[in-house]
Amino acid sequence: MIIVIDFGSQFNQLIARRVRENGVFCQVEPSDISIDRIKTLNPVGIILSGGPSSIYENDSPAMDKALFDIGIPVLGICYGMHYMVHILGGKIKAAQKKEYGFAKLDIIEELPLFKDLGSGFQCWMSHGDSAEKLPQGFVVTASTENTPIAAIANHEKKFYGLQLHPEVEHSINGSLMIKHFLFDVCQCEKNWSMKSFSDGAISQIKDAVGSKKVIMGLSGGVDSSVAATLIHKAVGKNLFCIFVDNGLLRINEKEDLEKSLTKSLDLNISFIDAKEKFLSALKGVTDPEKKRKIIGNLFIEVFETEAQKIEDADFLGQGTLYPDIIESKSAFGGPTSIIKSHHNVGGLPEKMKLKLIEPLQLLFKDEVRKLGTELGINPDLVWRQPFPGPGLAIRIMGDITGHRLEILREADAILLEEIRNAGLYRKLWQSFAVLLPVKSVGVMGDKRTFANCIAIRAVTSNDAMTADWAKLPHDLLGKISNRIINEVEHINRVVFDITSKPPGTIEWE
Ligand code: XMP
């Protein structure tokens, strides 16, 4: 295994992910980890992460210097490199010019990290300090225009340092540098897989839960379905799921979930029909934030009422992913993501004295899909595009009524059918219809119409933090528009949203 020492970088799970992608087990540990614990874990290499601090600040993160006497390879990234230089007797100084963004990396010594990579390629820099004097035994192995000491090595001890961030996608060849560290320096074996992750997670859940009960909300989406499957494999019938139909779902949402998950798993599941409750509370509400608050609070209320019927539940299962916690609040923009992660059923675990089980919290969406596939979950479910907790409420601009929900459901089903037929469903992060609050004039069968307008939204993205509008083929757009106008009553116009995120968001509300 490899240990990533957490010096406070936003990216340390990304480092762990890059290691896992190479089939090597990896664990992130705090910087105050003891040397004894490191020896017990018996890693074949250590990666020191970056971090926001400067090495000379009071309270800047540090770890036991004895790390460098254990005899295992160490790779320091950014602050991790500064720490290594500083603690081993070199000097770090505040850079004259902060370097943030792209830089050209000139390679001075190719081996081992830059093997076969050439020179002069793009890397991502983000630092205020840099190395000025190296400790004994170290040499400079790469530089950039602003940073003469951009990479260092002590070949004898197998200590390496990178001022750049190899873990972010902007660094061309970054993951190859990590790969070289794993296999050429640490001699790692490629023996970690989603299967081993899933076996480990199941046995951890078993140990934590014992014979107690776990309750969890199922939304019909990938994350909660994969988390529920894992938990079910660990505790079987002691898992109790609750699916709340809030009246804001798409066509066949409940049926699809029943078909693809609950049948194959023999889950305990209560389907709660709360349509009336939600729709009457939303009557006349047009402000997006108010809609979200009403839906979030009602969800908690309904979930709590149902959960209390299950006696002796000690645990709450949730499908929280790493991007949900990467930003202190949520990947989905603050207090609005009530039905997603910690904030989904925020307050519930404490209020009901429940302990959280979040088996996916180290994973990214694509890893969750791999895990879902590994667990044998129906591919239709594994590859479902994300659907927001507040559902169609935030895709109907203005007033939410039964009639407007019907219109949107029909248009959305046509859009998704055509996207699937064109073989694009899995390639798009999301694709959906939005009902606009405007009416416009049209002409159909020689008659004047004055009817509603649908917007088509389709985006590509890796994690929803940023997104590009998808360049859908014109003939596909034409077909979708034609079908919606012909088949959905009260729609006479279709428009296509060409806004990326930022400056737009993926959803319209
Ligand atoms: P935005 O609109 O902020 O959305 O670009 C980013 C991603 O988050 C989803 N989304 C939500 N998911 N509860 C959720 O579970 C929410 O309140 C929520 N709001 C947005 C959205 O569909 C997109 O994938």
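Everything quoted here is computed from the prediction, not taken from an experiment.

**Notes on the nonpolar core**
(1) Moving on: Among the nonpolar cores identified, the biggest contains 50 residues, and Ile215, Phe278, Ile419, Ile454, Leu472, Ile484 and Ile491 are the most heavily contacted of them.
(2) Moving on: Looking at this core, the element that brings in the most residues is helix H14 (residues 402–421), giving 8 residues.
(3) Moving on: The residues that make up this core include at least three from each of domain 2 (194–382) and domain 3 (403–496).
(4) Moving on: Residues Val214, Leu239, Leu261 and Val368 belong to the second largest nonpolar core, which totals 37 residues.

**Comments concerning the side chain of Glu167**
(1) Moving on: With respect to the helices and strands, the residue Glu167 is situated in the loop between strand E9 (159–162) and helix H4 (174–185).
(2) Moving on: There is no salt bridge for the buried Glu167, and the closest opposite charge comes from Arg18, which lies 7.4 Å off by N-O distance.
(3) Moving on: Side chain to side chain, Glu167 and His165 meet in a polar contact 2.9 Å long.

**A few points about the packing of aromatic side chains**
Any two aromatic rings considered together are summarised by their centre-to-centre distance and by the angle between their planes.
(1) Moving on: Applying the stated criterion to the full structure yields 9 aromatic pairs.
(2) Moving on: Between the aromatic rings of Phe68 and Phe159, the centroid separation amounts to 5.3 Å while the plane-to-plane angle is 80°, which identifies the pairing as edge-to-face. Here Phe68, found in the loop between strand E3 (45–48) and strand E4 (74–77), pairs with Phe159, found in strand E9; they are 91 residues apart in sequence, far enough to count as distant. Judged on exposure class, the residue Phe68 and its partner Phe159 are both buried.
(3) Moving on: Judged by centre distance (5.5 Å) and plane angle (70°), the rings of Tyr100 and Trp124 are edge-to-face. Separated by 24 residues along the polypeptide, Tyr100 in strand E5 (residues 91–107) and Trp124 in strand E6 (residues 121–133) bring together distant segments of the chain.

**Quick notes on helix H1 (residues 12–21)**
(1) Moving on: The buried count for H1 comes to 9 of 10 residues, which makes it a mostly enclosed element.
(2) Moving on: Of all the residues in H1, the buried ones are Asn12, Gln13, Leu14, Ile15, Ala16, Arg17, Arg18, Val19 and Arg20.
(3) Moving on: Gly23 occupies a position one or two residues after H1 and carries a positive phi of about 75°.

Conventions we followed
Throughout this document, residue positions are counted from 1 along each chain, in the order its sequence is written. At least 70 in pLDDT is required for a residue's local features to be given in this predicted model, at least 80 for side-chain atom pairs to be given and counted, and no such filter applies to totals for whole chains, interfaces and linings, which use all residues. For side-chain calculations, the full set of non-hydrogen atoms in the structure is used, while hydrogens and water are omitted. Among buried residues, those of type Ala, Val, Leu, Ile, Met, Phe, Trp, Tyr and Cys that are joined through side-chain atoms within 4.5 Å constitute a nonpolar core. Exposure classes here rest on a 1.4 Å probe applied to the protein chains alone. A residue is buried below 20% of its type maximum, exposed above 50%, and partly exposed in between. A run of H or I in DSSP counts as a helix once it spans at least four residues, and a run of E counts as a strand once it spans at least two, with each numbered from the N terminus. Each domain's limits were defined by an automated method or a database of domain assignments. Under the convention used here, Asp and Glu are negative, Lys and Arg are positive, and both His and the chain ends fall outside the count. We define a salt bridge as a contact between a side-chain nitrogen of Lys or Arg and a carboxyl oxygen of Asp or Glu at a distance within 4 Å. Polar contacts, as counted here, are pairs of nitrogen or oxygen atoms within 3.5 Å of one another; within protein the pair requires one atom able to donate a hydrogen and one able to accept it, and residues that are adjacent in sequence qualify only if both atoms are side-chain atoms. Working definition: rings of Phe, Tyr and Trp (its six-membered ring) pair if their centres are within 6.5 Å, and the pair is stacked with planes under 30 degrees apart, edge-to-face with planes over 60 apart, and tilted otherwise.

Note that every value here comes from positions in space, so none of it alone points to a role or purpose.
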